[in-house]
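Here is what each chain is made of, one letter per residue.
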Amino acid sequence: VCTSRFWFNYRHVANTLSVYRSVKRLGIPDSHIVLMLADDMACNPRNPKPATVFSHKNMELNVYGDDVEVDYRSYEVTVENFLRVLTGRIPPSTPRSKRLLSDDRSNILIYMTGHGGNGFLKFQDSEEITNVELADAFEQMWQKRRYNELLFIIDTCQGASMYERFYSPNIMALASSQVGEDSLSHQPDLGIGVHLMDRYTFYVLEFLEEIHPASQTNMNDLFQVCPKSLCVSTPGHRTDLFQRDPQNVLITDFFGSVRKVEITTETISLDSDLAGFESKLPKDELAAEPLKYAEQLPVAQIIHQKPKQKDWHPPGGFILGLWALIIMVFFKTYGIKHMKHIF
Amino acid sequence: PAQFQLAVPVAVVFAPGSVPGDLPKALPFRDVQEMEIPVNLRTSVTSRYEMVYRSTTAQEEAALDVATAQEADAALRPLQDTSLGSLTVYVVPETSSLLPQGTSVYVGKHRSALVRAGSGLAALHTRLRQLMQVMSFTASSIAAALSDRVPNSQLGPDARRHLKSSLGYEITFSLLNPDPKSHAVDWDIEDAVNRYVRPILDKLSLVANFSVDSQILYYAVLGVTPRFDKESSSFLLSAHSLPHVINPVEARLGSSAASLYPVLNFLLYVPERSHSPLYIQDKDGAPVSTNAFHSPRWGGIMVYNVEAPAAPQASLPLHVDVDMVRVMEVFLAQLRLLFGLSREELPPEFLLESPGNEGLADWELDRLLWAHTVENIATVSTTLTSLAQLLDKIGNIVIKDDVASEVYQAVASAQSAMAELAAGHLHSAFQASKEAVTSSERAFFDPSLLHLLYFPDDQKFAIYIPLFLPMAVPILLSLAKIVREARQRKKEPTKMD
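Cut-off values and rules
- Residues numbered from 1 in each chain as written.
- Chains lettered and ligands numbered in written order.
- Predicted model: local features only at pLDDT ≥ 70, side-chain atom pairs only at ≥ 80, totals over all residues.
- Heavy atoms only, no water.
- UniProt positions renumbered as here; feature names shortened; annotations may be inferred.
- Helix = DSSP H or I, 4+ residues; strand = E, 2+ residues; numbered from the N terminus.
- Domains from an automatic or database assignment.
- Contact = heavy atoms within 4.5 Å.
- Buried area = accessible area lost by both parts, 1.4 Å probe.
- Salt bridge = Lys/Arg side-chain N within 4 Å of Asp/Glu carboxyl O.
- Polar contact = N/O pair within 3.5 Å; in protein donor to acceptor, adjacent residues only side chain to side chain.
- Nonpolar A, V, L, I, M, F, W, Y, C, P; charged D, E, K, R; others polar.
- Phe/Tyr/Trp six-rings, centres within 6.5 Å; stacked < 30°, edge-to-face > 60°.
- Buried < 20%, exposed > 50% of the residue type's maximum accessible area, 1.4 Å probe, protein only.
- Pairing = 2+ DSSP bridges.
- Axes fitted to C-alpha atoms, helices over the stretch in contact; angles between N-to-C directions.
- pLDDT = per-residue confidence, 0-100.

Brief notes about the UniProt feature "transmembrane region" (unreviewed entry) in chain B
Per the UniProt record, "transmembrane region" (unreviewed entry) is annotated on residues 461–483 of chain B. In the segment residues 461–483 of chain B, helix accounts for 100% and strand for 0%; the C-alpha atoms at its two ends are 29 Å apart.

Comments concerning the domain arrangement of chain B
Residue and element names in this part refer to chain B. Looking at chain B, the domain boundaries give domain 1 (4–145 + 346–352), domain 2 (168–339) and domain 3 (362–453). Placing the centre of domain 2 and that of domain 3 at their C-alpha centroids yields a distance of 37 Å. Between domain 2 and domain 3, the residue contacts involve seven residues of the former and nine residues of the latter. When domain 2 packs against domain 3, the two sides together hide about 790 Å² of surface, and 63% of this comes from carbon and sulfur. Three residues stand out in domain 2 for area buried against domain 3, namely Lys203, Leu206 and Val207, and they jointly supply 67% of the buried area on that side. Our enumeration of links across domain 2 and domain 3 arrives at two salt bridges. Between Glu364 and Arg336 there is a salt bridge, and its shortest N-O distance comes to 2.9 Å. In this structure, the connection of domain 2 to domain 3 is made through two residue pairs in polar contact (both at pLDDT 80 or more). Residue classes in the side of domain 2 that touches domain 3 are distributed as five nonpolar, no polar and two charged.

Focus on the packing of aromatic side chains
Under the definition given, this model contains 19 aromatic pairs over all chains. Look at Phe173 of chain B and Phe266 of chain B: their rings are 5.6 Å apart centre to centre, the planes differ by 25°, and that puts the pair in the stacked class. Of the two residues, Phe173 of chain B sits in strand E7 (residues 168–177) while Phe266 of chain B sits in strand E12 (residues 263–269), which places them 93 residues apart along the sequence. Each of the two residues, Phe173 of chain B as well as Phe266 of chain B, counts as buried. Three or more aromatic residues link up through ring pairs in this structure, and these residues are Phe138, Phe152 and Phe166 of chain A.

Looking at the sheet that holds strand E3 (residues 107–113) of chain A
All names here are of chain A. In spatial order, the strands read E3-E7-E8-E9; together these four strands make up an open sheet with mixed pairing. On the outer flanks of this sheet lie E3 and strand E9 (236–238), each paired with one strand and no other. Adjacent strand axes in the sheet meet at a mean angle of 10°, parallel and antiparallel pairs treated alike. For strand E8 (residues 171–175) and E9, the ladder comprises three bridges, and the chain directions are antiparallel. Considered in E9, the bridge of Ala175 is made with Gly236.

So, the confidence of the model for chain B
Overall, the prediction assigns chain B a mean pLDDT of 80, with 90% of residues at 70 or greater. For this predicted complex, the interface confidence reaches an ipTM of 0.78, while the overall pTM sits at 0.79.

If you want it as structure tokens, here you go:
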């Protein structure tokens with residue numbers, strides 16, 4: 001998830017796309033990736049190399065190649081959509097590629113980048129998601145067993161504050177900086193004019209480039225990536241909610257996809273010439289009336305919905321009391337008989 | 001805390017000459033055997049086998065008076081109770097020739113079995129208990145169904161590999177041809193599906209809705225390069241490279257965009273001319289007889305080798321007609337395994353009748369239904385509990401009427417499912433549990449239940465104080481002035497006269 005827009009946040013998009021590329025290289029197909037980007041970089045009028053997003057100085061690597069499938073782009077990247085994807089409370093018309101169809105044996109990797117602060121992450125410069133909301137969303141996922149294990153990586157300023165509030169089991173979290181520290185960007189590119197990547201993600205990606213699908217590298221190595229000397233900020237991690245020892249957790253458990261496989265040893269025996277075989281093709285349905293429009297609407301939902309409240313509510317409670325107080329004071333001070341001057 | 005009671009009606013019918021001498025009462029009589037399967041601290045499953053012991057009727061005796069067990073099974077079928085979940089066991093004399101030598105239990109295609117009387121009541125009871133567990137459910141199958149609730153340490157390694165209970169499944173058959181220049185492969189999939197897959201899916205239609213589609217992919221290669229083995233002059237894929245085969249292919253499979261049901265993929269791979277013949281090796285290095293492997297909850301892959309043409313100058317591409325019977329035998333076996341219906345873990349003296357083209361025996365369907373019903377009810381209770389906890393925690397959420405009605409319906413259906421399970425009516429219990437799951441999922445995942453209304457206290461102060469504090473200062477001062485004036489006025493009349 002890349003939560004920022006505008007040209008000067010180029011590096012966040014490059015971060016996300018680089019992680020996306022690594023994850024795909026290690027075997028996870030697009031049907032298992034939900035990518036949320038503001039996607040305003042490649043075709044931005046300020047991009048000197050249109051249709052590309054580079055992640056390395058000297059334009060070595062175009063991460064916005066031919067094979068990028070963005071599921072939520074531009075203004076669809078909102079806190080609401082993000083929480084909907086996580087908790088599964090999605091309107092029924094959403095296509096399969098925009099859903100998180102995970103079950104209790106799925107390991108989920110969540111990577112977020114953008115601008116953040118102590119306890120919140122800014123989405124698209126107009127709204128925020130707090131660490132409490134995120135923790136609650138993860139708890140909802142756990143209740144419905146939507147994940148087996150979850151790895152949460154965040155690359156923002158004060159990133160560690162985002163994982164402070166998690167309380168659901170089987171979550172491991174990594175952040176690029178502690179509370180009170182800022183995550184810094186890696187290097188500007190003079191040709192493009194903006195910073196291309198953030199330091200933490202840059203070193204994580206260097207680490208991931210050495211991983212191949214059969215690799216046995218474990219999580220402890222990932223924790224060592226980007227020490228303070230290179231990263232300036234102090235990366236943090238949280239493993240107390242995780243049941244397994246990070247030593248035993250393979251990187252490919254989250255970044256790649258290695259399935260359990262069993263050899264098929266049983267067969268059944270089929271009789272190839274059945275005497276009394278009838279072909280059970282569906283008969284053509286003639287004279288079936290086309291469904292009237294009313295039958296296709298979710299009638300139950302419509303009937304039972306109360307008329308929608310307009311956004312304005314008559315003042316109640318505190319506000320009403322305050323106004324009553326103001327009016328009373330006004331008239332006490334100026335006297336009732338002056339009211340005729342008003343009316 | 002949930003108490004499941006699973007009742008199985010069993011009829012034990014004694015053929016003449018098979019009645020053990022030490023029966024507790026005279027036939028016919030009833031007995032109930034209860035067994036407790038502990039799951040965790042708050043959930044327990046009690047199985048009640050309601051047994052009716054009686055002797056054979058004349059018709060049943062005539063039916064048993066045939067040469068082989070298969071014929072007996074077929075003849076007995078119209079004479080027994082065939083409702084879902086019930087079992088009928090016929091006890092034949094120890095020396096009977098109906099069962100072949102060495103087998104003491106024969107399990108038929110439907111819901112009945114033939115058992116040798118054994119050396120006494122105790123031996124008979126042991127065989128009966130084993131048999132009943134095989135044909136309905138075992139402690140481990142129930143624990144697997146309730147895998148959410150069982151602590152991780154107690155589950156076996158394969159507890160979570162069976163497909164989860166779902167309202168529907170999509171089955172996709174794909175033919176992968178990486179080398180169309182050499183092989184022009186034809187498979188008559190439509191005919192094969194109608195002949196072999198439809199019967200088994202019709203039988204499983206009680207469990208879920210199935211939809212089947214098929215596709216052919218060209219230039220789709222496996223992710224792994226097979227090794228050439230000089231001894232057998234064939235190419236080998238070792239068992240530990242198999243997990244990496246699936247991913248590159250999956251990206252091209254294109255799971256259906258329209259359906260939200262779990263997808264089961266069955267792939268038939270025809271190796272390239274340069275890599276033929278290709279065999280899969282198991283862990284011991286021996287080639288696998290089926291040349292196929294499957295991945296739990298995903299599907300299966302089978303490698304179909306094409307013989308090299310007799311004449312070396314045969315024109316390419318070779319026309320290949322796939323032998324669908326062989327292929328379907330493997331795919332349907334994989335389908336059974338994915339659902340958890342395996343025939344391998346049985347005691348050696350059991351003989352199981354093959355279900356033939358139907359794909360699965362009635363009692364195997366029952367096994368699936370027991371597991372799915374229990375799983376559904378457990379899911380419903382977890383879902384509704386967590387929904388209640390969510391509403392407790394965040395008081396701002398508004399529950400629409402239709403969400404409320406779904407919740408009530410889910411609760412009612414779940415209760416009726418539990419009641420039906422305790423009464424032994426598997427069919428209605430399963431239907432009720434399906435309705436309960438549908439309603440509870442609809443209620444839980446309703447899009448309106450999103451709680452974006454979290455306002456931490458310090459944010460509330462931060463917003464309201466700058467607004468109201470400056471406004472409040474003159475009000476408070478005026479209030480103070482009013483109070484002072486009122487007090488002064490009270491004092492004045494007493495001063496003046």
